Amino acid sequence: MNEQAISEDSFCRLSRAIIERHGYTYHEALRFLGGLRLNLVCDERLLGSAALQAALVTAINTGKRSFLGGVSVRMPADVPNRLPWPVPGTLNEIATRLGARVGQSPLSAGNHTLYFGAAREPVHDGLTVVCSGWRGGIVPAEQEVALGSSSDFALGGVLAGALGVAKGFLRVTALSSRFVEAPQGLSLWRPDLDWTRPESDGPALELLPLNLWLLGLGHLGQAYAWGLGLLPYPRSKPATIFLQDFDRAVAANWNAGLLCEEGSAGQFKTRLCSAWLEPRGFGTRIVERPFDEWTRRGGEEPFVALCGFDNLKARALLEGAGFDLVVECGLGGDVANFDDIVLHTFPGASQTAHEVFGQGAGAAGVGAGSLAGAFGDLADCGILLATLEGKAISSSFVGAYAGALVVGEVLRGLHGGVRCELMKTHLRSNDAPGIVLLNEVYQNRLGRSGYVELGA
C-alpha cells in the first residue's frame, strides 16, 4: 500500500459510483469528483420565501459534498434570513459559512446550474427549483411553474433543493441518461397526486411535533435533524428530541452526513446532532447504545420515532419498542439503486416490521469484486478490500430528500392528512413514486407524543 493509505474510515463512498460506472481507479474517481462544480443562481424571490431559502441552503450543503470542485452562489446582496439560525446574519453570510463561494458577479463555468427564481438566459440543461411549504420540485430552466401556494415553510424547499442537486449529479456523472424534460417533484401533503395541481397543496402549518425519537444518526438520521432544525419552532415551547446512536463519525461520513464537517471525525454522532438542534431551541436526550430487543420507550418519552437504520435486524424489531408510530426509511446501496428510497410506517400496516425486515428478508446488495481493480496494490490487502466491497454508496442529496419525506409524514399526520403505509421512489427516474395509502384517522396516532401550536 502507498503512503496515501486508504482505510475503512477514509474511503469516499460516493466515489464507488464513479469507479463502477466509468472503470476508474479510486484516485481517478476522486479527481473526477473534484472537477465537478455547482452553480446556484438566485433572484429577488429568495427574499420573501422560507421554502426557497431552505432549498438554497440544502443545495449548498448537499452540493459541496458531491460537486467537490465547489459550489458558487450568485444572489442579491444582504438577503434577510427567514430560517431559524442561531448565529445572526444575512442569508448571504449563512451561505458563505456553509462553504459556498458567494458573489454577484457572473459565475465561472460549471457542470450544473440551478436557478432559484426566474432563469434569465438559462444555460443548457439548467434546472429551476420550485417550492412551497408542502411541495417541491424542479423544472427545465426554460419552463416555469407557479405553485400559487400561501404555505411557506422549509420542508418543501429541502425536498426541492436535494432533488435539484441529485438530478444534476446523476446527469454530469452519466449515472443516468434520463434528462429532465418536464416538471418533476412531489407533494408532501398528497404524494399520490400531481404535485403541481392545486389540490396537492396542504393547509397552513399550525402544528409541529413536540417529542420525537431519532433512531440511527447516520446520513439519514442527520437529514431528519437537518429538516427539523429548519422548521419554525417557537423558542417559548421547545421540542425534545431523543438521539440514539452508538457510532462516532469518521472522515468518510463527510460526503453523506449533512451535519458532518471538518473536525467531526471522532465525535459521537449523537453529539453532532445535538450541536445542530440545541442552538435552535430544541432540548435533546442522548442515548448512546444500540437499538435492540431490550429497547423500550417508557413514561413520557416520545411515542413517535423516525428510523434511519441500515441494519435489517434492528429494523425488524421496530414494533417491539412501544412506539405509536415509527416512520422508517431505507436506501439502495449500489450504482444502480443508491438513489432508491423506500419509506414505511408502522405499526398497523398490512405487514409488520418483522415480516418486512425479518429472517429471510431480501436486501439490496453491493456487487462483489467490483472494486478489485480500483486500488492498485490495495488488491493485495484482501481483508481491507473485502471490507470496502461491503460499503454501500451513500450521498447527502439522497439522504436530504428522504429526510424531507420522513419529516413530512409526521407533519401531514399532525394536520389530519392521509397516512402513507409505503412509498417507493427512484430519484433518477422520471416516473411518479409508488404510494400505498392507509385509511385511518392519522392524527390520533401522533396525538400522545404532543405538538407545538404555532401562533398560540
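All figures in this text were calculated on a predicted structure; none of them were measured in a lab. (Residues numbered from 1 in each chain as written. Predicted model: local features only at pLDDT ≥ 70, side-chain atom pairs only at ≥ 80, totals over all residues. Heavy atoms only, no water.)

**Q** A description of the overall build of the protein should follow, citing residues and the corresponding values.
**A** When its secondary structure is counted, the protein shows twelve helices and 17 strands. Over its C-alpha trace the protein gives a radius of gyration of 21 Å, about what one expects of a compact globule, namely 23 Å for 456 residues. Considering only C-alpha atoms, the protein reaches an extent of 60 × 55 × 40 Å along its principal axes. Residues classed as buried in the protein amount to 56% of the 456 residues present. In the protein, of all internal contacts separated by at least 6 residues, the share reaching a separation of at least 24 is 72%. If you sum the accessible surface of the protein, you get close to 17900 Å²; carbon and sulfur atoms cover 49% of it. Within the protein, one finds 38 positive and 46 negative side-chain charges whose respective centroids are separated by 2 Å. (Helix = DSSP H or I, 4+ residues; strand = E, 2+ residues; numbered from the N terminus. Rg over C-alpha atoms; globule rule 2.2 N^0.38 Å. Buried < 20%, exposed > 50% of the residue type's maximum accessible area, 1.4 Å probe, protein only. Contact = heavy atoms within 4.5 Å. Areas by Shrake-Rupley, 256 points an atom, 1.4 Å probe, with all protein chains shown as cover. Lys, Arg positive; Asp, Glu negative; His and termini not counted. Charge placed at Lys NZ, Arg CZ, Asp CG, Glu CD.)

**Q** So what's going on with the packing of aromatic side chains? Which residues, and what values?
**A** If you walk through the whole model with that rule in mind, you get 14 aromatic pairs. Residues Trp85 and Trp276 carry aromatic rings whose centres are separated by 5.6 Å and whose planes lie at 85° to one another, so their mutual orientation is edge-to-face. Within this pair, whereas Trp85 is found in the loop between strand E2 (71-74) and helix H4 (91-98), its partner Trp276 is found in helix H7 (residues 269-277), the two being separated by 191 residues in sequence. Ring geometry for Phe169 against Phe397: centres 5.3 Å apart, planes inclined by 45°, an arrangement best described as tilted. Of this pair, Phe169 sits in helix H5 (residues 154-172) while Phe397 is found in helix H11 (residues 396-414), placing the two residues 228 residues apart along the sequence. As far as the burial class goes, Phe169 and Phe397 line up, both buried. Put simply, the rings of Phe67, Phe169 and Phe397 touch in pairs and so form one group of aromatic residues. Here Arg280 stacks its cationic end above the ring of Trp85, 4.7 Å away from the centre of that ring. The ring of Phe303 has Arg297 lying over it, and the distance from NZ or CZ to the ring centre is 3.7 Å. (Phe/Tyr/Trp six-rings, centres within 6.5 Å; stacked < 30°, edge-to-face > 60°. Lys NZ or Arg CZ within 6 Å of the ring centre and 35° of its normal.)

**Q** A description of the side chain of Arg315 should follow, citing residues and the corresponding values.
**A** If you trace the backbone, Arg315 turns up in helix H8 (residues 312-316). Note on Arg315: relative accessible area 8%, which makes it buried. A polar contact is formed between the side chain of Arg315 and the side chain of Glu328, at a distance of 3.0 Å. Among all residues touching Arg315, those that are not within four sequence positions of it are Cys307, Phe309, Glu328, Cys329, Gly330, Ala353 and Phe357. (Polar contact = N/O pair within 3.5 Å; in protein donor to acceptor, adjacent residues only side chain to side chain.)

**Q** I'd like to hear about the sheet that holds strand E1 (residues 38-42), residue by residue, with values.
**A** With respect to topology, seven strands assemble into an open sheet ordered E3-E2-E1-E4-E5-E6-E7, the strand pairing being mixed. On the outer flanks of this sheet lie strand E3 (101-103) and strand E7 (184-187), each paired with one strand and no other. Shown here is a sheet whose adjacent strand axes are inclined to one another by a mean of 20°, direction ignored. Relative to E3, E2 runs parallel, the two being bridged by three bridges. Within E3, the position partnered with Val73 by the bridge is Val102. Relative to E1, helix H3 (residues 50-63) is tilted by about 165°, and along the sheet it contacts E1, E2, strand E4 (112-116) and strand E5 (127-131). (Pairing = 2+ DSSP bridges. Axes fitted to C-alpha atoms, helices over the stretch in contact; angles between N-to-C directions.)

**Q** Describe the pairing of E4, and please don't skip the residues or the numbers.
**A** Across the five residues of E4, five count as buried, placing the element largely inside the fold. Residues His112, Leu114 and Phe116 line one face of E4 and the alternating positions Thr113 and Tyr115 line the opposite face, and both faces are buried. With five bridges joining them, E1 and E4 adopt parallel strand pairing. Paired with Cys42 across the bridge in E4 is Phe116.

**Q** An account of the sheet that holds strand E15 (residues 419-426) is requested, with residue identities and associated values reported.
**A** Spatial ordering of the open sheet is given by E11-E10-E9-E12-E13-E14-E15-E16, a layout of eight strands whose pairing is mixed. Edge strands, defined here as strands with exactly one partner in the open sheet, are strand E11 (283-287) and strand E16 (434-438). Direction aside, neighbouring strands of the sheet carry axes that sit 15° apart on average. Of the pairings in the sheet, the one linking strand E9 (residues 211-215) to strand E12 (residues 304-307) comprises three bridges and is parallel in character. Across the sheet, residue Leu215 finds its bridge partner in E12, namely Cys307. Strand contacts of helix H6 (residues 219-229): E9, strand E10 (240-244), E12 and strand E13 (325-331), with the helix running at about 155° to E9, the strand carrying the most contacts.

**Q** Can you tell me about the environment of Gly229, naming the residues and giving the values?
**A** Inspection of the secondary structure assignment puts Gly229 in helix H6. Residues contacting Gly229, with those up to four places away along its chain left out, are Pro84, Trp276, Leu277, Arg280 and Phe282.

**Q** Explain the packing of H3 against H11 to me, using residue names and the numbers behind them.
**A** Where H3 meets H11, the axes come as close as 8 Å, and the angle between the chain directions of the two elements is 145°. When you trace H3 past H11, the crossing you get is right-handed. Of the residues in H11, those in contact with Thr58, Asn61 and Thr62 of H3 are Ser396, Phe397 and Ala400. Here the residues of the contact of H3 with H11 sort into two nonpolar, four polar and no charged. (Left-handed = near helix turned anticlockwise from the far one by under 90°. Nonpolar A, V, L, I, M, F, W, Y, C, P; charged D, E, K, R; others polar.)

**Q** Break down H6 for me, with residues and values.
**A** Burial runs high along H6: eleven of the eleven residues are buried. For H6, the full list of buried residues reads His219, Leu220, Gly221, Gln222, Ala223, Tyr224, Ala225, Trp226, Gly227, Leu228 and Gly229.

**Q** How would you summarise H11 if you had to cite specific residues and measurements?
**A** Because the α-helix completes a turn every 3.6 residues, residues three or four places apart line up on one side. Taking 1.5 Å of rise per residue, 19 residues should cover 27 Å, and H11 covers 27 Å from first to last C-alpha, within 8% of that figure. Of all the 19 residues making up H11, 19 are buried; the element is thus mostly covered by neighbouring parts of the structure. Just downstream of H11, Gly416 is the residue with a positive phi angle, here 80°. (Expected span 1.5 Å × (residues − 1).)

**Q** Go over the nonpolar core, please, and point to the residues and values.
**A** In terms of nonpolar packing, the biggest core is built from 113 residues, with Leu40, Leu56, Phe116 and Leu230 touching the most fellow members. Once residues lying within four places of it in the same chain are set aside, the contact partners of Leu230 are Ala54, Val57, Thr58, Leu83, Pro84, Trp85, Ala154, Val158 and Trp276. Counting residues in each nonpolar core, the second largest holds 19 residues, with Leu215, Phe242, Phe309 and Ala353 among its members. (Core = buried A, V, L, I, M, F, W, Y, C linked by side-chain atoms within 4.5 Å.)

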